[in-house]
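Spelled out from the first residue to the last, the chains are:
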Amino acid sequence: MDASSRQLFILFVCFALQVVRGEPRASWMKATLTSHFSQPRHHVTNPGYKMAAKNFINSQFLGMGLVTAIHDFETVLSNVTGHTVVGVMKGVHFGTDNDSIVAISAHYDTMRNTPGVNDNGAGVVVMLEAARELVQGKARNSTLLFIAFDFEEWESESDSACREILCGSKKFVSDWLPTYFRPHWPLAWKGLLNMDIVLNFDDRNDTQYIPFGFDQMFPDQFSSISSDNKEGDFLTVAGRAPGDMDLMQDFNTSWLGLGHSDFEVEMFPIPSQFANMARDLSRSDHASFWKANLSALFLTDTAEYRGYMKQCYHSQCDNLTFATDERMQFAAKISKALVAWVDRRAPSQITDVAAMMSTVSLWMLLAAVGVTMMTSQ
């Protein structure tokens, strides 16, 4: 085999392995942020763009072959309706009492004057990318829900449709879940991963700020972050102790098995005695599930407690300027971790066999191509 043939063969191997591993498309995620989640998505300041974002999410779910549903709900304004978008991948036991549920979520609305690239366009595109990988011909023992919440944000102005945080997810838990899964609700709930503000990776010293009191509530985590020069180089994963500990262990194992060790993770199990004090870890849609005693984890980059988001949280500078290639790779690892976590929470023998057959077939193809190239010289 001459040099050019060897180079061609190596390129083919790299491409084929990437297909097998289902590598997240960081470039697709950035392009999607640019096209669909780089302007305010608010019912007053930019209702058209917000509706377009909702429709885009729905079309993505449909294109993946998911069953889609729009949860329309009333707000405090009679002329404004909320729209949570749901993609459903029915499990092998769907429609029976033996079904169970695993979910991934992110909200797509913004405050009125922020582009919301990180808060929370990033969470939505990471969810969409994970969904793309998870639905590729893989039957599951559990039903998967991919949820794009509306009206996570709240405001106190007279023209605000949501005047308390989490309007959309509260009504989703109380109204949509029991209605959609009737008469089998409640079903076995195997966990939710909720993402809110996950793009900001910053490995410079002293870029990670610690909320007041966290040194007392989470001494091990405080020590770990401090010993790392307070770099904002990690994903925060929060859950209730002990109720969500099995979810946390599965996610930690999934994350650590992906390599790319410069992207770190910090686990924050919240002891029951600190539940009311750790409010910074309850500021997103997972809290609606906690209140209903449904297990859930919160994934975040810590929002205004890290780097540029200290100035840009809920502000106009939460824009595409900070969607760097490195940060998109951070988002890509999160997407891969979601897939690995779901594989643990919602396993399927069919999935395992299909993956094995796909891998074997690929290696047979690679071997055939290699032999052909070598014998042709």
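Residues numbered from 1 in each chain as written. Predicted model: local features only at pLDDT ≥ 70, side-chain atom pairs only at ≥ 80, totals over all residues. Heavy atoms only, no water.

Section: the pattern of salt bridges
Then step 1. Counted according to the given criterion, the structure contains 14 salt bridges.
Then step 2. For Lys170, the salt bridge goes to Glu164, with nearest N and O atoms at 3.5 Å.
Then step 3. Glu164 sits in the partly exposed class, given a relative accessible area of 44%.
Then step 4. Between Asp246 and Arg345 there is a salt bridge, and its shortest N-O distance comes to 3.3 Å. Of the two residues, Asp246 sits in helix α8 (residues 245–256) while Arg345 sits in helix α11 (residues 325–345), which places them 99 residues apart along the sequence.
Then step 5. Counted as one network, the salt bridges with shared partners bring together Arg25, Glu129 and Arg132. (Salt bridge = Lys/Arg side-chain N within 4 Å of Asp/Glu carboxyl O. Buried < 20%, exposed > 50% of the residue type's maximum accessible area, 1.4 Å probe, protein only. Helix = DSSP H or I, 4+ residues; strand = E, 2+ residues; numbered from the N terminus.)

Structural notes on the sheet that holds strand β2 (residues 81–89)
Then step 1. Here 8 strands make up an open sheet; going across it, the order is β1-β2-β4-β3-β5-β8-β6-β7 and the pairing mixed. Whereas interior strands pair on both sides, the edge strands pair on one side only; in this sheet they are β1 (67–74) and β7 (264–271). The mean angle between the axes of side-by-side strands here comes to 20 degrees, regardless of whether they run parallel or antiparallel.
Then step 2. In this fold helix α4 (residues 117–134) packs onto β2, β3 (100–107), β4 (143–149) and β5 (188–195), with an angle of close to 145 degrees to the strand it touches most, β3.
Then step 3. Each of β6 (234–241) and β7 is contacted by helix α7 (residues 219–227), which is oriented at about 155 degrees to β7, the strand it contacts most. (Pairing = 2+ DSSP bridges. Axes fitted to C-alpha atoms, helices over the stretch in contact; angles between N-to-C directions. Contact = heavy atoms within 4.5 Å.)

Here's the deal with the nonpolar core
Then step 1. Among the nonpolar cores identified, the biggest contains 58 residues, and Phe146, Phe251 and Leu299 are the most heavily contacted of them.
Then step 2. Phe251 has contacts with Leu193, Leu235, Val237, Val265, Met267, Leu297, Leu299, Ala337, Leu338 and Trp341, leaving out every residue within four places of it along the chain.
Then step 3. Counting 31 residues, the second largest nonpolar core, distinct from the first, contains Val88, Phe172, Leu187 and Phe268. (Core = buried A, V, L, I, M, F, W, Y, C linked by side-chain atoms within 4.5 Å.)

A few points about the packing of aromatic side chains
Then step 1. Across all of its chains, the model carries 23 aromatic pairs by this definition.
Then step 2. Ring geometry for Phe61 and Phe146: centres 6.4 Å apart, planes at 40 degrees, overall tilted. Within this pair, whereas Phe61 is found in helix α3 (residues 47–63), its partner Phe146 is found in strand β4, the two being separated by 85 residues in sequence. Both residues of the pair, Phe61 and Phe146, belong to the buried class.
Then step 3. A centroid spacing of 4.7 Å and a plane angle of 80 degrees characterise the contact between Phe201 and Phe263, whose relative ring orientation is edge-to-face. Placement of Phe201 in the loop between β5 and α6 (214–217) and of Phe263 in the loop between α8 and β7 is noted, with a sequence separation of 62 residues between them. Across this residue pair, the class does not change: Phe201 and Phe263 are buried.
Then step 4. Among the aromatic residues, those joined into a cluster by ring pairs are Phe94, Phe149, Phe172, Trp176, Tyr180, Phe181, Trp185, Trp189 and Phe289.
Then step 5. When the ring centre of Trp28 is taken as origin, the NZ or CZ atom of Arg25, which lies over that ring, is 4.7 Å away.
Then step 6. We note Lys50 situated over the ring of Phe151; from NZ or CZ to the ring centre the distance is 3.8 Å. (Phe/Tyr/Trp six-rings, centres within 6.5 Å; stacked < 30°, edge-to-face > 60°. Lys NZ or Arg CZ within 6 Å of the ring centre and 35° of its normal.)

Topic: α4
Then step 1. Between its terminal C-alpha atoms α4 stretches 24 Å, which fits the 26 Å expected from 18 residues at 1.5 Å a residue.
Then step 2. For α4, the buried fraction is high: 18 of the 18 residues fall into the buried class. (Expected span 1.5 Å × (residues − 1).)

Some points on the side chain of Thr302
Then step 1. Inspection of the secondary structure puts Thr302 in the loop between β8 (296–300) and α10 (309–312).
Then step 2. Within the local environment of Thr302, its side chain forms a polar contact with the side chain of Gln208, the two groups lying 3.1 Å apart.
Then step 3. Every residue in contact with Thr302, bar those within four places of it in the chain, is listed here: Ile197, Gln208, Phe234 and Thr236. (Polar contact = N/O pair within 3.5 Å; in protein donor to acceptor, adjacent residues only side chain to side chain.)

Note that every value here comes from positions in space, so none of it alone points to a role or purpose.
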